[in-house]
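Residue-level structure breakdown
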Amino acid sequence: MTRGVLAACLLAVCASSAAAQDGGAAFDIRKIDPETFRAIAVKITDAQKPTIDGKPTEQVWSLAPAQGNFIQREPQFGKPASEKTEFRILYDDKTLYIAVWLWDSDPSGIMGSEMKRDAGLNKGDQLKINLDTFHDHRNAFYFSTNPLGAYKDANTVENGRPINYDWNGVWNNKTSIDDKGWYIEIAIPLSQLRFKSSIGDSTWGLNVCRILFRKNEESYWVPFPREWGASGFARVSNAGVLEGLKDLKSRRRIELVPFALPTVSRDYVGRSEAQKDAKFGGDFKIGVTNDLIADFTYHTDFAQVEADQEVVNLTRFSLFFPEKRQFFTETAGIFDFGKSLAGLGGEAAANDPGLLNLFYSRRIGLVDGQQVPIIGGGRFTGRSGPYAIGVLNITTDEARLSPTRLIDNANFSVVRLKRNVLKNSGVGVLFTNSQDGVSDFNRAVGLDGAWVLGRNITMTTVLAKSFSPTSKGDGMAGVVDYSWKNDRFNYGAQYLDVGKTFNAEMGYIPRLDIRATKAKAEWTPRPGWSGVRQLTFHGNVDYYENHAGEVDSRTQVLSAQMARQSTASAHLTLTREHDDLSAPFATAGTVLPVGDYSWTYGTLTYSSDRTKRMFGTIAADAGGYYNGERRSLKVNWNITFGKTLLLEPNYTYNHVTLPGRPLYTSNVINFRVSHSFSPDFYLKAFVQYNDDRKTSSFNFLWWYHYRPGSDLYVVYNQGWDIDLPLTSREVLDRSYRVHSRSLAVKMTYWLAR
């Protein structure tokens, strides 16, 4: 065994030496082969397994060779990390163990303020790990923590497009801090990972990232091109190699998560008595193969899901709200369709509807923001060789949304198939079907391609057709999106065509009967000015016309942004809009008549230093709005007290004047207060007020992760109808009323084999 360990150490030292240069010399990322970065995992016996306490001082860790020599992406691209980081990996027949040493010359500057499961972890130091367990250079499991021992995990598909943070594995993680830095010990049961059983050696992909927050520094074990951004970490095609894994045996996952949900609620608008209910249900998961999973759900419930954030929409088109319900988000990567490779990456991808979204999961179980009960359904997802497969079928119950509106039972089905082609590209097909939904039936089928053409060029292509009783003729849609990007320049062009009768009821298609041509260009120099990291100069033109050749709208944008080394930034934008209203448009408390409108406005945005206990973003708009004027102010703030008490007040104000019409103003307030007592115990209160809709709401969540995979939630919701402003105490008493109250206690229990 000693010889094996010595050989492994020698190989690791040689690989690390090849992967880093002496002193502070910059590293030429363009010339590296990621697979020359090799880490060695060492097998141990059950009696040798380390105690997971965040203090990797046990002798067993010395059996594994240390890996380090991290390289910066920011702020000094290609240079060695400013602080030393090392990791070691052990495993036995059941568990993978990872220890990380994150030394720090100023341990008083180690930062962390989040402990809630799957929190953003973007307010402090962080350590990220990617494991490509099939070594297919496309898919991976992601694990992350911070100095407070938070848990964050995900699985990524198609080189990080997208990253699914609602995948929740059952694993153990502990951290500690001393006068030399902070330390991590992680234990990941092999049953939580998908991989091929093998006799003999197995090879996985691996990359590790350290975020040193006070310096706004990112460093990586395997570096990658700067223009990929922080989300480039998810591109496991650029990962290193984890060797030393022998005789791995994967187990088919069998999991059952039943839940009990007693509730009491009252609808004051309908003047009903308090309604008591005791609901039961659960989810059952079984591994059909190593990488194909069947899920079944009964009485699917989302009592713990936070309400959508209140907004005021002053555009002609419906707003896109991200999916928050875990059953739909945990396999979203398989069912995503038509998302641009040049689009939003990382966590921001959840806010990107895509180029032509045929499947918008919020069409299931939600109607106009109101929940419709889900009876149950099933899902089959996973991979087989170069193919990704997804099948979903859900049945919803009938529901009365108002005294005059009854929703019937409906059934929704989705089939998704994707295939890897070329080195990092893929093609796919999506089919959707709804029965007794908005119409008697609706179906859509689409083909999409995601093309990675070298280091700088990406292209996305989509073609779709819809079928429904009301869809005849040109029920077709398609898009081509092209992008060229490096760290200094970014060019893009897009053509979108959506037919007049295209009708994908299960999708998010905000505009019909349009042909859109879009072009953009960016210059992103790094001037080397003191305190300045990068400048961005941006211009884009979006031109829409209908199929009769008539102009529908046109947008022209010029902007300049300065990003500072401290994480602060300033952004100035000038926008010119043209809108040809072919029908009256209700907005700002009035109705605008048919006609052509053109206007210009400016936006100034400032984001303060996120390393401070108090930081936020302020944005102000001023200028035209159709044939009038508009001023708006948005304030989003974060205030941290102690370690994890977080206040997040947000305020939006609109002031619109239109000729011959009353002054319109609106105020929207969202205020969230949260506190994590530990990674397993979390409290949150969320208050919203919207004087445009004359509503206010309060949501309280008490969450306790009382055992692995098992949770207890206590949720209280209350809503008010409000008519402000107020002028006297008498008006105050009469100006609001409670329209609903509910209290729910949800308990889940995880059973697994």
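One can find the structure itself at the top, above this paragraph.
Let me begin by describing the structure that accompanies this report. (Residues numbered from 1 in each chain as written. Predicted model: local features only at pLDDT ≥ 70, side-chain atom pairs only at ≥ 80, totals over all residues. Heavy atoms only, no water.)

1. So, the overall build of the chain
This is how the line gets drawn: In this description a helix means any DSSP run of H or I spanning at least four residues, a strand means any run of E spanning at least two, and both kinds are numbered starting from the N terminus. What the globule rule says is 2.2 Å times the number of residues to the power 0.38, and the radius of gyration is computed from C-alpha atoms. Throughout, exposure labels follow a simple rule: accessible area from a 1.4 Å probe, protein chains only, divided by the maximum for the residue type, with under 20% read as buried, over 50% as exposed, and the rest as partly exposed. In what follows, residue pairs with any heavy atoms lying within 4.5 Å of each other are defined as contacts. Accessibility throughout is a Shrake-Rupley quantity obtained with a 1.4 Å probe, and a residue counts as covered only by protein chains that appear here. For the charge count, each Lys or Arg is scored as positive and each Asp or Glu as negative, with His and the chain ends excluded. The atoms used to mark charge sites are NZ of Lys, CZ of Arg, CG of Asp and CD of Glu.
What the chain contains, in helices and strands, is 4 helices and 44 strands. Its C-alpha atoms give the chain a radius of gyration of 27 Å, near enough to 27 Å, the size a compact globule of 753 residues would have. Projected onto the principal axes, the alpha-carbon positions of the chain cover approximately 85 × 60 × 60 Å. Going through the 753 residues of the chain one by one, you find that 50% of them count as buried. Of all intrachain contacts in the chain linking residues separated by at least 6 positions in sequence, the fraction that spans at least 24 positions is 58%. By element, 57% of the accessible surface of the chain is carried by carbon and sulfur atoms, the whole surface being about 33,800 Å². Charge centroids of the chain, computed over 87 positive and 81 negative side chains, lie 2 Å from each other.

2. Points about empty space enclosed by the protein
For clarity, the threshold we go by: Put plainly, a pocket is an open set of points on a 1 Å grid over the protein atoms alone with protein on both sides within 12 Å along at least five of seven lines, a cavity is a set where a 1.4 Å probe fits but cannot get out, and a lining residue has an atom within 4 Å of a point. Grid points are joined across faces, edges and corners, and a volume is the space filled by probe spheres set on the points. Basically, the charged four are Asp, Glu, Lys and Arg, the nonpolar ten are Ala, Val, Leu, Ile, Met, Phe, Trp, Tyr, Cys and Pro, and anything else, Gly included, counts as polar.
The tally for this structure, following the rule as stated, stands at 3 cavities of 30 Å³ or more. By volume, the largest cavity amounts to about 70 Å³. Surrounding the largest cavity, Ser191, Leu193, Arg194, Phe195, Ser250, Arg251, Arg252, Arg253, Gly287, Thr289, Asn290 and Ile293 form its lining. Residues belonging to the lining of the largest cavity are distributed by class as follows: 3 nonpolar, 5 polar and 4 charged. There is about 40 Å³ of room inside the second largest cavity. Surrounding the second largest cavity, Glu158, Arg161, Asp336, Phe337, Gly338, Lys339, Arg416, Lys418 and Asp448 form its lining. In terms of residue class, the lining of the second largest cavity is built from 1 nonpolar, 1 polar and 7 charged.

3. As for the nonpolar core
We count it as follows: In this text, buried Ala, Val, Leu, Ile, Met, Phe, Trp, Tyr and Cys residues form a nonpolar core when linked through side-chain atoms within 4.5 Å.
Ranked by internal contacts, the top residues of the largest apolar core, which has 37 residues, are Phe87, Leu96, Leu131, Trp204, Leu206, Trp221 and Leu242. Of all the secondary structure elements, the ones that give two or more residues to this core are β1 (38-43), β3 (85-91), β4 (95-103), β5 (126-132), β6 (140-145), β10 (181-189), β11 (201-212) and β13 (240-246). The next biggest cluster of nonpolar side chains, apart from the first, holds 33 residues, and it includes Leu355, Phe359, Ile374 and Leu496.

4. Some thoughts on the packing of aromatic side chains
Remark: the centre distance and the inter-plane angle together describe each pair of aromatic rings, the angle taken between the planes. We count it as follows: Pairs were defined over the aromatic rings of Phe, Tyr and Trp, the Trp ring being its six-membered one, requiring ring centres within 6.5 Å. Orientation was assigned from the angle between planes: stacked under 30 degrees, edge-to-face over 60, tilted for the rest.
Across all of its chains, the model carries 33 aromatic pairs by this definition. With a centroid separation of 5.2 Å and 70 degrees between ring planes, the pair formed by Phe320 and Tyr508 is classed as edge-to-face. Residue Phe320 is located in the loop between β16 (292-298) and α2 (326-329), and its partner Tyr508 is located in the loop between β28 (489-498) and β29 (514-523); the two are separated by 188 residues in the primary sequence. Since its relative accessible area comes to 9%, Tyr508 is described here as buried. Considering the side-chain rings of Tyr360 and Tyr508, the 5.6 Å spacing of their centres and the 65 degrees angle between planes classify their relative orientation as edge-to-face. Taken together, the residues span a long stretch of sequence, with Tyr360 in the loop between α3 (332-335) and β17 (366-367) and Tyr508 in the loop between β28 and β29 at a distance of 148 residues. Pair check on accessibility: Tyr360 and Tyr508 agree, each one buried.

5. Things to note about the pairing of β16
Here is the rule: Two strands make a pair as long as DSSP finds a minimum of two bridges between them.
The buried fraction of β16 amounts to 5 of the 7 residues, a majority that puts the element mostly inside the structure. Here 7 bridges tie strand β15 (residues 275-289) to β16, and the two strands are oriented antiparallel to one another. Opposite Thr289, over in β16, you have Leu292 as the bridge partner. In textbook terms, the turn of a hairpin is the stretch between consecutive antiparallel strands, and for β15 and β16 this stretch comprises 2 residues. Bridging between β16 and strand β19 (residues 374-384) involves 7 bridges; their strand directions are antiparallel. Paired with Thr297 across the two strands is Gly377, which belongs to β19.

6. A word on unusual backbone geometry
Each neighbour pair has its own omega, and for Glu74 with Pro75 the value is 0 degrees, a cis peptide bond. Structurally, the position occupied by Pro75 is in the loop between β2 (71-74) and β3. Although it is not a glycine, Asp513 adopts a positive phi angle of roughly 55 degrees. Among the structural elements, Asp513 can be located in the loop between β28 and β29.

7. Concerning the pattern of salt bridges
Cut-off, in case you're wondering: For this document, the term salt bridge refers to a Lys or Arg side-chain nitrogen within 4 Å of an Asp or Glu carboxyl oxygen.
For the coordinates displayed, the defined rule picks out 29 salt bridges. The partner of Asp295 in a salt bridge is Lys285, and the shortest N-O contact between them spans 2.6 Å. Highlighted residues: Asp295 in strand β16 and Lys285 in strand β15, separated in sequence by 10 residues. Judged by relative accessible area, Asp295 falls into the buried class, the value being 6%. Linked through salt bridges whose partners overlap, the residues forming this network are Arg73, Glu74, Glu218, Arg226, Asp487, Arg488, Arg526 and Arg533.

8. Points about the side chain of Asp691
Condition: As used in this structure description, the phrase polar contact means that two N or O atoms lie within 3.5 Å; if the pair is within protein, one of them must be able to donate a hydrogen and the other to accept it, and residues adjacent in sequence are counted only when both atoms belong to side chains.
As for its placement among the helices and strands, Asp691 is situated in the loop between β40 (681-690) and β41 (695-707). Buried within the structure, Asp691 lacks any salt-bridge partner; Lys694 is the closest side chain of opposite charge, at an N-O distance of 7.1 Å. Of the polar contacts made by the side chain of Asp691, one reaches the backbone nitrogen of Asn667; its length is 2.7 Å. If sequence neighbours within four positions are ignored, Asp691 has contacts with Thr665, Ser666 and Asn667.

9. A word on a negative patch on the surface
How we decide: Residues qualify for a patch when their relative accessible area is over 30% and they have no salt bridge, like charges being joined within 9 Å and the nonpolar side chains of Val, Leu, Ile, Met, Phe, Trp and Tyr within 5 Å.
A cluster of acidic residues, Glu398, Asp408, Asp436 and Asp440, forms a negative patch on the protein surface. By the secondary structure assignment, Glu398 is in the loop between β20 (387-396) and β21 (399-402).

10. Some details on the side chain of Thr587
Among the structural elements, Thr587 can be located in strand β33 (residues 585-587). Excluding anything up to four places from it in sequence, Thr587 contacts Leu314, Leu592 and Tyr625.

11. Focus: the pairing of strand β26 (residues 457-467)
Going residue by residue along β26, you find Thr458, Thr460, Val462, Ala464 and Ser466 tucked away on one face and Ile457, Met459, Thr461, Leu463, Lys465 and Phe467 left uncovered on the opposite face. Two elements, strand β25 (residues 441-453) and β26, share 11 bridges in a ladder whose sense is antiparallel. In the strand pairing of β26, Asp448 is matched with Val462. Counting the residues in the hairpin turn of β25 and β26 gives 3 residues, including Gly454, whose phi is positive at 85 degrees. The pairing of β26 with strand β27 (residues 476-485) spans 9 bridges and is antiparallel. What sits directly across from Lys465, in β27, is Met476.

12. Some points on a positive patch on the surface
Among the surface-exposed residues, Lys94, Arg251, Arg252 and Arg753 lie close enough to one another that they form a single positively charged patch. When you line up the elements, Arg251 lands in the loop between β13 and β14 (254-267).

13. With respect to a nonpolar patch on the surface
A surface patch of nonpolar side chains, about 420 Å² in accessible area, is lined by Leu256, Phe284, Phe296, Tyr749 and Leu751. Mapped onto the fold, Phe296 is located in strand β16.

14. A short note on the environment of His137
Looking at the element boundaries, His137 is found in the loop between β5 and β6. Sequence separation between His137 and Gly205 is 68 residues; the distance between their C-alpha atoms is 7.2 Å. When neighbours within four sequence positions are excluded, His137 is seen to be in contact with Glu35, Asp132, Asn159, Val236, Ser237 and Asn424. One polar contact links His137 to Glu35, side chain to side chain, over a distance of 2.7 Å.

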